[in-house]
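# Survey of secondary and tertiary structure
Each chain is listed here by its residues.
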Amino acid sequence: MMQQSDIIVAISTPAGVGGIAVIRLSGKGCIGLVDTVYRSPSGKKLIDRKANTIHFGTIVKDDAALDEVLVSVFHNPSSFTGEDSVEISCHGSIYIQQGILQLLLEKGARLATAGEFTQRAFLNGKMDLSQAESVADLIASTSAATHRLALNQMRGGFSNKLVELRTDLLNFASLIELELDFSEEDVEFANRDNLKNLANHIHEVIEKLADSFSLGNVVKTGIPVAIIGETNAGKSTLLNLLLREEKAIVSDIHGTTRDVIEDTINIDGLIFRLIDTAGIRDTDDVVESLGIERTFKKLEQANIVLWVIDAETEDERTIALSQKILPLTEGKKLILVFNKVDIIPAARKEHKEQLLSDLIPDRIFISAKYHQGTENLQDILVEAANIPEFGEQDVVVTNMRHYEALKNALAAITRVSDGMESGLSSDFLAQDIRECMHYLGEITGQISTDDILGNIFSKFCIGK
Ligand SMILES: Nc1nc2c(c(=O)[nH]1)N(C=O)[C@@H](CNc1ccc(C(=O)N[C@@H](CCC(=O)O)C(=O)O)cc1)CN2
Ligand SMILES: Nc1nc2c(ncn2[C@@H]2O[C@H](COP(=O)(O)OP(=O)(O)OP(=O)(O)O)[C@@H](O)[C@H]2O)c(=O)[nH]1
């Protein structure tokens, strides 16, 4: 395995004081480098130790002890980066951490750039690019669902699918190119029906992966829930109730919320992005109108729409507004939330059960202020989100870069399928197959540029 000859070092634990801190080095010669500042009770050098072993000892600076530490030794190629690596676990004082780091820099190591350990793992073939990217997602994960999807990707679920696709495409290409070589003789070597089936199969797999992004993206960024309705309906009160904090200002003045307020909550391992919007009404106020415009924009982005209605509102108003809202919520889960049930008679509630029920069947009756009927709100959101539970085998695309590449790959393989139907010549088919492989290679990093890599790894933490 290729080893970088420059030795990188970084503190891999978070900045600040902790029980212990880990300082990590990687690169050819890093074990010997640590030996210059390390003393073991037995006098043994780290370089003479077996791979994957841990050793107690002292880090010394100018012959004075700086700290007592544990040192882990990894040998090329059996390490995270695939290179010789050392980890020093020291006491977590900032003085000690910085002291050891400085010492190692003086001895010839250089500070690792963001994500450089993982970048080396990628360059040394320890993982493909999509796996390296999932490491960042895993570190950033804040919910059960984002954690599961990142872990599956890191463990190679997606990569395996891409390897299979690549094998199929290579197979395909070689059959088509064989025909090409002998084209003057007008021989068809490959059975065209088999080839069509193969193209359709590849198409199906790529399409399924690309389609999974709408789910993956929503899970990763939070399921968008827009809270809309007329002014004073109680939208902000509902938002605060769901967030369990006074995030939005509540007042009886119409048009209090003038801009969009967003925050996330975790319910049953799913992130929801709650979006409180400016109340809808006819207004001459310029700022308020702009807010209302944004409300309609936010509506577009939402998967779930909670339309909050003051239960005292006359039916005609609600019906009139529904004509504006319904066209904007097609394909979304729209739920009517009749609020302020504490101040309406029971008969009125019964009446509202029927209002618009053929067009918008989902409705709940609550008092956001007095917490009536709000016990099931969380369950209702989870059910409305309709997100499947993810198992260890599920491959769901969560990364925009991967999605873009998949769309391009899909376009290429579609040209192949169509081309086969219309009898396109083999050399054109072969070209499109190559193009499809090229885009899949962008995901795994078989095809990459310094720009792409720099962009990806610069978003990592230092020390990762
Ligand atoms: N202290 C420490 N904790 C850590 C890491 C680390 O590098 N150091 N990790 C990293 O960020 C993660 C664990 N991932 C790792 C993945 C591979 C190898 C590794 O040494 N792989 C070798 C040998 C495998 C084996 O012994 O079977 C290999 O793949 O060849 C180490 C850590 C999380 N925790
Ligand atoms: N009685 C009663 N009052 C409520 C309830 N929910 C909200 N309110 C009151 O209704 C008023 C408006 O509430 P908000 O939450 O600010 O309403 P909003 O829909 O965000 O209003 P805008 O910012 O104008 O769009 C406040 O005085 C709340 O205290 C409820 O369930 N029952």
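Here the structure is a predicted model, which is why all the values come from computation and not from measurement.

### Some words on the overall build of the chain
Broken down by element type, the chain carries 15 helices and 13 strands. The principal-axis extents of the C-alpha atoms in the chain amount to approximately 85 × 80 × 40 Å. For the chain, the proportion of its 464 residues judged to be buried stands at 49%. Within the structure as shown, the chain displays about 22700 Å² of accessible surface, and the carbon and sulfur contribution to it stands at 50%.

### Things to note about the domain arrangement of the chain
Considered domain by domain, the chain is made up of domain 1 (8-127), domain 2 (132-212 + 395-445) and domain 3 (218-385). Spacing between the C-alpha centres of domain 2 and domain 3 amounts to 42 Å. Listed as interface residues are 9 residues of domain 2 and, on the opposing side, 6 residues of domain 3. The largest share of the area that domain 2 buries against domain 3 comes from Ser-143, Ala-145 and Thr-146, three residues that together contribute 48% of it. In this structure, the connection of domain 2 to domain 3 is made through 1 salt bridge. Note that Asp-137 is salt-bridged to Lys-220, the shortest N-O span being 3.4 Å. The interface formed by domain 2 and domain 3 includes 4 residue pairs in polar contact (both at pLDDT 80 or more). With 4 residues, helix α5 (residues 144-154) is the largest single contributor of residues to the side of domain 2 that touches domain 3. Classifying every residue of the side of domain 2 that touches domain 3 gives 3 nonpolar, 5 polar and 1 charged.

### So, the site of ligand 2
By nearness alone, 24 residues border ligand 2, and Lys-235, Thr-237, Gly-255, Thr-257 and Asp-342 come closest of all. For ligand 2, an oxygen atom lies 3.0 Å from a polar atom in the backbone of Asn-232. Contacts to ligand 2 include Lys-340, whose side-chain N or O atom sits 3.1 Å from an oxygen atom. In isolation ligand 2 has 660 Å² of accessible area, and contact with the protein removes 92% of it. The greatest single-element share of the shell around ligand 2, amounting to 3 residues, is contributed by helix α8 (residues 235-243).

### Thoughts on the site of ligand 1
With respect to spatial proximity, the complete set of residues near ligand 1 consists of Arg-24, Asn-52, Pro-77, Ser-78, Ser-79, Phe-80, Glu-87, Lys-126 and Lys-464. Taking Glu-87, its side chain carries an N or O atom lying 2.5 Å from a nitrogen atom of ligand 1. Here ligand 1 has 670 Å² of accessible area as a free molecule, and 44% of this is covered by the chains. Considering only residue class, the shell around ligand 1 consists of 2 nonpolar, 3 polar and 4 charged.

### Digging into the pattern of salt bridges
Applying the stated rule across the entire model yields 17 salt bridges. Lys-298 is paired through a salt bridge with Glu-262; the nearest N and O atoms lie 3.0 Å apart. Note that Lys-298 is positioned in helix α9 (residues 286-301) and Glu-262 in strand β9 (residues 261-267), a separation of 36 residues in sequence. Looking at Glu-262, the relative accessible area reads 31%, which means it is partly exposed. With a shortest N-O distance of 3.8 Å, Lys-407 and Glu-404 are connected by a salt bridge. Of this pair, Lys-407 and Glu-404 both sit in helix α13 (residues 400-421), 3 residues apart, which is roughly one turn of the helix. For Lys-407, a relative accessible area of 37% puts it in the partly exposed group. Within the structure, one salt-bridge network assembled from shared partners comprises Asp-6, Glu-83, Arg-110, Glu-116 and Arg-120.

### Thoughts on the environment of Arg-49
With respect to the helices and strands, Arg-49 occurs in the loop between β3 (38-39) and β4 (53-61). With 26 residues separating them in the primary sequence, Arg-49 and His-75 have C-alpha atoms 9.9 Å apart. Contact partners of Arg-49, with chain neighbours within four places excluded, come to Ser-40, Ser-42, Lys-44, His-55 and His-75. Within polar-contact distance, the side chain of Arg-49 engages the side chain of His-55 at 3.3 Å.

### Comments concerning the sheet that holds β3
Reading across the sheet, the 7 strands line up as β3-β4-β5-β6-β2-β1-β7 and stay open at both edges, with mixed pairing between neighbours. In this open sheet, the two strands that pair with only one neighbour each are β3 and β7 (110-111). Relative to strand β6 (residues 85-91), strand β2 (residues 20-26) is paired through 7 bridges, and the arrangement is antiparallel. Paired with Ile-23 across the strands is Ile-88, a residue of β6. Sheet strands touched by helix α3 (residues 116-123): β1 (8-11), β2 and β7. Its angle to β1, the strand with the most contacts, is close to 135°.

### Examining the nonpolar core
Formed by 34 residues in total, the largest nonpolar core has its most connected members in Leu-238, Phe-272, Ile-304, Leu-306 and Leu-381. The element that contributes the greatest number of residues to this core is α8, accounting for 5 residues. Each of domain 2 (132-212 + 395-445) and domain 3 (218-385) gives at least three residues to this core. Counting residues in each nonpolar core, the second largest holds 33 residues, with Phe-172, Ala-210, Val-397 and Met-437 among its members.

### Focus: the pairing of β9
Alignment of β9 against strand β10 (residues 270-276), held across 7 bridges, turns out to be antiparallel. Each bridged residue has a counterpart across the sheet, and for Asp-263 the counterpart in β10 is Leu-274. The antiparallel pairing of β9 with β10 creates a hairpin that spans 2 residues between the two strands, and Asp-268 there sits at a positive phi of about 50°.

### Brief notes about unusual backbone geometry
Omega for the peptide link from Asn-76 to Pro-77 comes to 5°, which places this bond in the cis form. With respect to the element layout, Pro-77 can be found in the loop between β5 (64-74) and β6. The phi dihedral of His-371 is positive, around 55°, even though this residue is not glycine. Locating His-371 in the fold gives a position in the loop between β13 (363-365) and α12 (377-385). Exposure remark for His-371: the relative accessible area of 48% places this residue in the partly exposed category.

Rules and cut-offs
Residues numbered from 1 in each chain as written. Chains lettered and ligands numbered in written order. Predicted model: local features only at pLDDT ≥ 70, side-chain atom pairs only at ≥ 80, totals over all residues. Heavy atoms only, no water. Helix = DSSP H or I, 4+ residues; strand = E, 2+ residues; numbered from the N terminus. Buried < 20%, exposed > 50% of the residue type's maximum accessible area, 1.4 Å probe, protein only. Areas by Shrake-Rupley, 256 points an atom, 1.4 Å probe, with all protein chains shown as cover. Domains from an automatic or database assignment. Contact = heavy atoms within 4.5 Å. Buried area = accessible area lost by both parts, 1.4 Å probe. Salt bridge = Lys/Arg side-chain N within 4 Å of Asp/Glu carboxyl O. Polar contact = N/O pair within 3.5 Å; in protein donor to acceptor, adjacent residues only side chain to side chain. Nonpolar A, V, L, I, M, F, W, Y, C, P; charged D, E, K, R; others polar. Near = heavy atom within 4 Å. Pairing = 2+ DSSP bridges. Axes fitted to C-alpha atoms, helices over the stretch in contact; angles between N-to-C directions. Core = buried A, V, L, I, M, F, W, Y, C linked by side-chain atoms within 4.5 Å.

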